[in-house]
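Given next are the chains, with one letter for each unit.
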Amino acid sequence: MKCSEYLWKYVELQTLLSDESPERIQGEMRSILGNKKIVSDTTGEEMTEREALSVLGRNERDLRRAYKEHRKGIFTRICEGQQISDDEWEASKEDNNADENTEEEI
C-alpha cells in the first residue's frame, strides 16, 4: 500500500474513531494492512509505519485540511512532495558519505 493511501486511511480512521487512543488506531491500521507493506509513493521502497507517520507529522495541517475537504489528489501530492524531499535528502547524505570515503582513500 502506498504511503499516501496508508495515511489517507489512517486519518480516516482517526476521524471515525476520534475517541480512541493512537495505539488503538495503529492497531486497527495493522489489521487493515494485513500482510501488505507500506511503500514509498516515489521509489516503491518499503517504509515502516514510523516513516509513514513521519510524513503525516511533518505535513499534518495541510494533510488534514486536504482530507477534510475530500481532496485526495492534493493529499497524495503533499505526501509525494514530502517523500521527494526525503529522497533528495537521503541521496545527498549518501553522496556526502561517498565523498568522505573517497577523501579517506586519497
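Above: the structure in question.
A brief report on the enclosed structure follows. (Residues numbered from 1 in each chain as written. Predicted model: local features only at pLDDT ≥ 70, side-chain atom pairs only at ≥ 80, totals over all residues. Heavy atoms only, no water.)

## Structural notes on the overall build of the protein chain
The number of helices and strands found in the protein chain is five helices and two strands. When the helices and strands of the protein chain are listed from N to C terminus, the series reads α-α-β-β-α-α-α. The C-alpha atoms of the protein chain give 17 Å as radius of gyration, which overshoots the globular expectation for 106 residues (13 Å, by more than 25%). Judged by the C-alpha coordinates and their principal axes, the protein chain covers about 60 × 30 × 20 Å. Residues counted as buried form 29% of the 106 residues belonging to the protein chain. (Helix = DSSP H or I, 4+ residues; strand = E, 2+ residues; numbered from the N terminus. Rg over C-alpha atoms; globule rule 2.2 N^0.38 Å. Buried < 20%, exposed > 50% of the residue type's maximum accessible area, 1.4 Å probe, protein only.)

## Some words on the nonpolar core
Core analysis: the largest hydrophobic core is formed by 23 residues, its most contacted members being Cys3, Tyr6, Leu7, Tyr10, Ile38, Leu56 and Phe75. Here this core gets seven residues from one element, more than from any other, and that element is helix α1 (residues 3-16). With residues up to four places along the chain from it excluded, the contact list for Leu7 reads Ala52, Leu53, Val55, Leu56, Phe75 and Cys79. (Core = buried A, V, L, I, M, F, W, Y, C linked by side-chain atoms within 4.5 Å. Contact = heavy atoms within 4.5 Å.)

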